[in-house]
Amino acid sequence: MSEIRKIIFAPLTLIGQSAISVIRVSGEGTFELVSNIVSKSFSRFELLDLSKFYPNTLHHVYIFDKDKNEAVDEVILSVFKGPHSYTGEDTVEISSHGGLYIYSKINDLLAKWGAVAAMPGEFTKRAFLNGKMDLAQAESVAELIKSRSEESRKLAFSQLTGEYSAKINSLRQELINYCSLLELELDFSEEGLEFVSRDELIMRIDTLINEFKRLVDTYYTGKLIRDGINLAIVGEPNVGKSSLFNYLLNYDRAIVSDIPGTTRDYISETLTIDGFPVNLIDTAGIRESSEEIEEAGIKKSISIRERADLLIVLKDATAGLGNDKISGDNSIIAYNKCDLLNGHSDFNCKDSLLI
Ligand SMILES: Nc1nc2c(ncn2[C@@H]2O[C@H](COP(=O)(O)OP(=O)(O)OP(=O)(O)O)[C@@H](O)[C@H]2O)c(=O)[nH]1
Ligand SMILES: [Mg+2]
């Protein structure tokens, strides 16, 4: 029996105390297997031939342990006949009462009749192997489940509905068309026939290359939307990094004090800004230090500064304003403690922030 023909099962919902828990069973022979553990009546085993049920219908039945001659739970069966199911195979979804004990009883009965526990992602793998979705769509299922913000949900959902795949397919089709045209040109080159002007062909291929480049560039944007932007607050000690960190999070997460060198190890928290996930990082203030622990923290700050997607370089406004150069495309210079300027400001740097 090849692996794809095994009947697999797994919970679709979290196992724990809940009103309902759903277990999916999928594979060739699922209807016969599940018929062994369900009954029309709770007082005695009354066989239900699931293969005769109308596809895509719901049935109120009892999970039944034939050996003990007793009903285990009252459930709803959703019966899907392949290929019109998530996996493309005959599938039954058992909606039982929630709870670990009931789940373990149904689990044991399914295993006793020959079903095996599905590996993580195995239903989706079968859906892919059975042509129910392509690779991009299969990948997006996990992304959709993991999404932590509105934008990452939207991105995963558009991939799931096939928008991304449709774009790839249309580019692929165009590429095939150009190959055919080129081959035609080669076949008839000696007869002096021209099917498409060379300049026009080059122009169309250039457009196609640009389309591919644009698609490759969306990878970085997509990654940022999915995993979150790593936004680090860096700067000298005591400029107010932890204060800004707490302000953006809207609670006192980091220790704030007027002693320079308060933050030692970096702290990271996730928040959502305009639907985008942001991994906000507070770092140790960077300065010359001979103190061993502070030095270790500063090394980490430097490494975070090099890896972050975006930096807020925080400065103390009372130490002077306006002449700083932004050190890279990914830096925002921000001046803090502006309340201490007493209205006096020679601030003139248009790319910086006063906070
Ligand atoms: N007046 C004023 N004081 C501030 C402001 N922001 C922070 N402070 C004070 O500045 C001191 C240092 O603040 P922190 O947030 O701990 O500074 P830090 O940059 O995290 O310091 P290290 O962790 O030591 O690198 C604290 O006493 C804060 O209350 C501000 O906008 N105005
Ligand atoms: Mg700090």
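In this text, all values refer to a predicted model and were calculated from it rather than measured experimentally.

Student: When you look at the overall build of the protein chain in this model, what are you seeing that I'm missing?
Tutor: Along the backbone of the protein chain there are nine helices and 13 strands. Radius of gyration (C-alpha) of the protein chain: 31 Å, far over the 20 Å computed for a compact globule of 355 residues. Judged by the C-alpha coordinates and their principal axes, the protein chain covers about 90 × 80 × 35 Å. Counting all 355 residues of the protein chain, 39% fall into the buried class. Within the protein chain, counting contacts between residues at least 6 apart in sequence, those at least 24 apart form 52% of the total. Within the structure as shown, the protein chain displays about 21200 Å² of accessible surface, and the carbon and sulfur contribution to it stands at 55%. One finds the centroid of the 38 positive side-chain charges in the protein chain at a distance of 5 Å from the centroid of its 54 negative side-chain charges.

Student: What should I look at first to understand the site of ligand 1 in this one?
Tutor: As a matter of local geometry, ligand 1 sits amid 20 residues, with Lys241, Ser242, Ser243, Gly261 and Thr262 nearest to it. In this structure, Lys337 approaches ligand 1 through a side-chain N or O atom, which is 3.2 Å from an oxygen atom. When ligand 1 sits alone it has 650 Å² of accessible area, and the protein chains cover 80% of it. Counting residues per element, the shell around ligand 1 draws most heavily on helix α8 (residues 241-249), which supplies three residues. Split by residue class, the shell around ligand 1 holds six nonpolar, 10 polar and four charged.

Student: How do you make sense of the nonpolar core when you look at a structure like this?
Tutor: If you look at soluble globular proteins, the nonpolar side chains tend to sit buried side by side. Counting residues in each nonpolar core, the largest one holds 24 residues, and the members touching the most others are Val34, Val38, Leu50, Ile63, Leu77, Ile94 and Leu110. For this core, the elements supplying multiple residues, two or more each, are β2 (20-26), α1 (30-35), β4 (57-65), β5 (70-80), β6 (91-97) and α2 (100-112). With four residues, α2 is the single largest residue contributor to this core. In contact with Val34, not counting residues within four places along its chain, are Val25, Leu50, Leu77 and Val92. Leu244, Phe245, Leu249 and Ile267 belong to the second-largest nonpolar core, a separate cluster that totals 14 residues.

Student: Honestly, the packing of aromatic side chains in this entry has me stumped. Any pointers?
Tutor: Here a ring pair, both rings aromatic, is described through the centre-centre distance and the interplanar angle of the planes. In the structure shown here, the tally under the stated rule is two aromatic pairs. Their ring planes at 55 degrees and their centres at 5.9 Å tell us that Phe45 and Phe64 sit as a pair that is tilted. Taken as a pair, Phe45 in the loop between β3 (38-39) and β4 and Phe64 in strand β4 lie far apart in primary sequence, 19 residues in all. On the accessibility criterion, Phe45 (23% relative accessible area) is partly exposed. Between Arg24 and the ring centre of Phe123, over which it is positioned, the NZ or CZ distance is 4.9 Å.

Student: Any chance you could explain the coordination of the magnesium ion (ligand 2) here in plain terms?
Tutor: Six octahedrally arranged donors around a metal ideally form angles of 90 or 180 degrees; four tetrahedrally arranged donors ideally form angles of 109.5 degrees. At 2.0 Å from the magnesium ion (ligand 2) lie its protein donor atoms, namely Ser242 (OG) and Thr263 (OG1). Highlighted residues: Ser242 in helix α8 and Thr263 in the loop between α8 and β9 (267-273), separated in sequence by 21 residues. Summarising the burial analysis for this pair, Ser242 and Thr263 share the class buried.

Student: How do you make sense of the domain arrangement of the protein chain when you look at a structure like this?
Tutor: It is common to report an interface's size as the accessible area lost on association of the parts. Assigned domains within the protein chain: domain 1 (3-132), domain 2 (150-226) and domain 3 (229-354). Here domain 1 and domain 3 have C-alpha centroids that lie 54 Å from each other.

Student: I tried to follow the pattern of salt bridges on my own but got confused; where do I start?
Tutor: It is possible for side chains bearing opposite charge to pair when their charged atoms get close. The tally for this structure, following the rule as stated, stands at 19 salt bridges. Of the charged contacts in the structure, one is a salt bridge between Arg204 and Glu200, with a shortest N-O distance of 3.1 Å. You can see Arg204 and its partner Glu200 sitting in helix α7 (residues 198-227), four residues apart, about one turn around the helix. For Glu200, a relative accessible area of 36% puts it in the partly exposed group. Two residues, Glu294 and Arg287, come together in a salt bridge whose shortest N-O distance is 2.7 Å. Taken together, the shared-partner salt bridges connect Glu143, Lys223, Arg226 and Asp227 into one network.

Calculation notes
- Residues numbered from 1 in each chain as written.
- Chains lettered and ligands numbered in written order.
- Predicted model: local features only at pLDDT ≥ 70, side-chain atom pairs only at ≥ 80, totals over all residues.
- Heavy atoms only, no water.
- Helix = DSSP H or I, 4+ residues; strand = E, 2+ residues; numbered from the N terminus.
- Rg over C-alpha atoms; globule rule 2.2 N^0.38 Å.
- Buried < 20%, exposed > 50% of the residue type's maximum accessible area, 1.4 Å probe, protein only.
- Contact = heavy atoms within 4.5 Å.
- Areas by Shrake-Rupley, 256 points an atom, 1.4 Å probe, with all protein chains shown as cover.
- Lys, Arg positive; Asp, Glu negative; His and termini not counted.
- Charge placed at Lys NZ, Arg CZ, Asp CG, Glu CD.
- Near = heavy atom within 4 Å.
- Polar contact = N/O pair within 3.5 Å; in protein donor to acceptor, adjacent residues only side chain to side chain.
- Nonpolar A, V, L, I, M, F, W, Y, C, P; charged D, E, K, R; others polar.
- Core = buried A, V, L, I, M, F, W, Y, C linked by side-chain atoms within 4.5 Å.
- Phe/Tyr/Trp six-rings, centres within 6.5 Å; stacked < 30°, edge-to-face > 60°.
- Lys NZ or Arg CZ within 6 Å of the ring centre and 35° of its normal.
- Donors = N, O, S within 2.8 Å, 3.2 Å for Na, K, Ca; no water.
- Domains from an automatic or database assignment.
- Salt bridge = Lys/Arg side-chain N within 4 Å of Asp/Glu carboxyl O.

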